[in-house]
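As a plain string of letters, each chain reads:
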Amino acid sequence: MYRFSNTVIGFLNLFTLLASIPIIGAGLWMARSSTTCEKFLQTPLLFLGFIILIVSLAGFIGACFHVAWALWLYLFVMLFLIGALMGLTVFGFVVTSQGGVVDVPGKVYKEYHLDNYSTWLKKRIKDPQYWITIRACILGSKTCATVITWSPYDYLTKDLTPIQSGCCKPPTACNYGLTTLSQDPDCYRWNNDPNLLCYECDSCKAGVLEDVRRDWQKISVLNIVMLLFLIGIYSIGCCAFQNTKRAVSDYPHGQNRMSKVRPRWDFYWWRWWHDRRRQLY
């Protein structure tokens, strides 16, 4: 029964080893594509795939062939992954705790304000290079293709995704009649050109952040489940490591390794002194 942990670790790592192959294949396939959105995911997929491949290979070899150093490497990387996943989960809950949802009177859809999101997300989304990539993704996905053909009645009865609400139309409060009142700066950024629309608006960036916030919160819940799973696997891996150390040693499990007792240096001196006293007295 004490080999059970090795068997479990071996089967689990064989499964993850096979699972890493399609992940790496997907990353390599995306490298051939010219679509900006797909290239945006290429590097994380390749990195994740190769990490899973190396860790699974080390765990499989260490558990099945009793290679202690491979299991040690496996446990070290697993500990690093657990710590990184824990930090990422906490960070995700912190940066996504704030949202910018605003109700629109008489409308089904919501609108989103950039100022209501966390400082880290706002700084990230305002980065020009980052926003060019996201903007190209939205434009290539044809997200606004159906919204720009809506009638006024459709805007009253249909819902919008956060990206559609922020990028495909001007803010509802905009008044394009003759008025001297100051308006939201996004009202002046809006353009009827299908390639421009409100893609440079703060509301569009807020819609993207809202979409990211919702997805990130779902991923954070999944991360908690994965974290508990990895901790369980790490515990089994520690047992497998101990079993492997016993297997490569000269002594089988349960055998007494003590062949003789070597007394301390002062034992001989005490014995000589005690015998000497007996001779004198």
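Residues numbered from 1 in each chain as written. Predicted model: local features only at pLDDT ≥ 70, side-chain atom pairs only at ≥ 80, totals over all residues. Heavy atoms only, no water.

## Quick look at the nonpolar core
Then step 1. Of all hydrophobic cores here, the largest spans 30 residues; its most connected members are Ile125, Ile138, Tyr199, Cys204 and Val208.
Then step 2. Secondary-structure elements contributing two or more residues to this core are helix 4 (119–125), helix 5 (128–140), helix 7 (162–167) and helix 9 (202–247).
Then step 3. For this core, the element with the highest residue contribution is helix 9, accounting for five residues. (Core = buried A, V, L, I, M, F, W, Y, C linked by side-chain atoms within 4.5 Å. Buried < 20%, exposed > 50% of the residue type's maximum accessible area, 1.4 Å probe, protein only. Helix = DSSP H or I, 4+ residues; strand = E, 2+ residues; numbered from the N terminus.)

## Concerning the layout of surface pockets
Then step 1. The space that makes up the second largest pocket amounts to roughly 310 Å³.
Then step 2. Along its surface, the second largest pocket is lined by 18 residues, and Tyr112, His113, Asp184, Asp186 and Ser203 are the ones closest to its centre.
Then step 3. Only strand 2 (110–112), helix 7, helix 8 (185–189) and helix 9 provide two or more residues apiece to the lining of the second largest pocket.
Then step 4. Examining the composition of the lining of the second largest pocket, we find that three residues originate from one element, helix 8, more than from any other.
Then step 5. Here the lining of the second largest pocket is composed, by residue class, of seven nonpolar, four polar and seven charged. (1 Å grid on protein atoms, 1.4 Å probe; cavity = no way out; pocket = protein on both sides within 12 Å on 5 of 7 lines; lining within 4 Å. Points joined across faces, edges and corners; volume = space filled by probe spheres on them. Nonpolar A, V, L, I, M, F, W, Y, C, P; charged D, E, K, R; others polar.)

## Examining the side chain of Thr96
Then step 1. Turning to its location among the elements, Thr96 is positioned in the loop between helix 3 (68–95) and strand 1 (101–103).
Then step 2. Each residue touching Thr96, except ones within four places of it in the same chain, is listed here: Arg213, Trp216 and Gln217. (Contact = heavy atoms within 4.5 Å.)

## A word on the environment of Ile132
Then step 1. Within the secondary structure, Ile132 sits in helix 5.
Then step 2. Given a relative accessible area of 57%, Ile132 falls into the exposed group.
Then step 3. In the structure, Ile132 is positioned 68 residues away from Glu200 in sequence and 9.8 Å away in space, judged by C-alpha atoms.

## Considering helix 5
Then step 1. With 13 residues, helix 5 should cover 18 Å at 1.5 Å per step; its first-to-last C-alpha distance of 18 Å lies within 8% of that length.
Then step 2. Among all positions in helix 5, only Tyr130, Trp131, Ile134, Arg135, Cys137 and Ile138 are buried. Angular distribution of buried residues about the axis of helix 5 spans 160°; they occupy a single face of the element. Set apart from the buried face of helix 5 by more than 90 degrees, the exposed residues are Pro128, Gln129, Ile132 and Gly140.
Then step 3. Lys142 sits one or two positions beyond helix 5 and adopts a positive phi of about 60°. (Expected span 1.5 Å × (residues − 1). Arc of directions from axis to C-beta.)

## Focus on the UniProt feature "transmembrane region" (unreviewed entry) in the chain
Then step 1. Feature annotation in UniProt assigns "transmembrane region" (unreviewed entry) to the following positions: residues 12–31, 43–68, 74–95 and 219–237.
Then step 2. Structurally, residues 74–95 comprises 100% helix and 0% strand, and the distance from its first C-alpha atom to its last is 31 Å.
Then step 3. Taken end to end, residues 219–237 is 100% helix and 0% strand, and its two terminal C-alpha atoms sit 26 Å from one another. (UniProt positions renumbered as here; feature names shortened; annotations may be inferred.)

## Side note on helix 3
Then step 1. Here helix 3 spans 40 Å end to end across 28 residues, near enough to the 40 Å set by a 1.5 Å rise per residue.
Then step 2. All of the buried residues along helix 3 are Ala70, Leu71, Tyr74, Leu75, Met78, Ile82, Leu85, Thr89, Gly92 and Val95.

## What to know about the state of the cysteines
Cysteine pairs can be linked by a disulfide, which is a covalent bond between their two sulfur atoms.
Then step 1. Across all of its chains, the model carries four disulfides by this definition.
Then step 2. A sulfur-sulfur separation of 1.9 Å characterises the disulfide bridge that pairs Cys144 with Cys168. Handedness of the Cys144-Cys168 disulfide follows from its S-S torsion of about -75°: it is left-handed. In this pair, Cys144 is assigned in the loop between helix 5 and helix 6 (152–157) and Cys168 in the loop between helix 7 and helix 8, connecting sequence segments 24 residues apart.
Then step 3. Residue Cys144 is classed as buried on the basis of its relative accessible area of 4%.
Then step 4. Disulfide pairing places Cys198 opposite Cys201 at an S-S distance of 1.8 Å. With the S-S dihedral at roughly -85°, the linkage between Cys198 and Cys201 falls on the left-handed side. (Disulfide = S-S within 2.5 Å.)

## Considering a nonpolar patch on the surface
Then step 1. Taken together, the side chains of Phe11, Leu14, Leu18 and Ile21 make up a nonpolar region of the molecular surface, amounting to roughly 410 Å² of accessible area.
Then step 2. Mapped onto the fold, Leu18 is located in helix 1 (residues 4–31). (Patch = residues over 30% accessible without salt bridge, like charges linked within 9 Å, V, L, I, M, F, W, Y side chains within 5 Å. Areas by Shrake-Rupley, 256 points an atom, 1.4 Å probe, with all protein chains shown as cover. Salt bridge = Lys/Arg side-chain N within 4 Å of Asp/Glu carboxyl O.)

## So, unusual backbone geometry
Then step 1. Backbone geometry at Lys142 places phi at a positive 60°, although glycine is not the residue there.
Then step 2. Relative accessible area serves as the criterion here: at 62%, Lys142 is assigned to the exposed category.
Then step 3. Even without being a glycine, Leu197 presents a positive backbone phi close to 40°.
Then step 4. Accessibility expressed as a relative area gives 3% for Leu197, which makes it buried.

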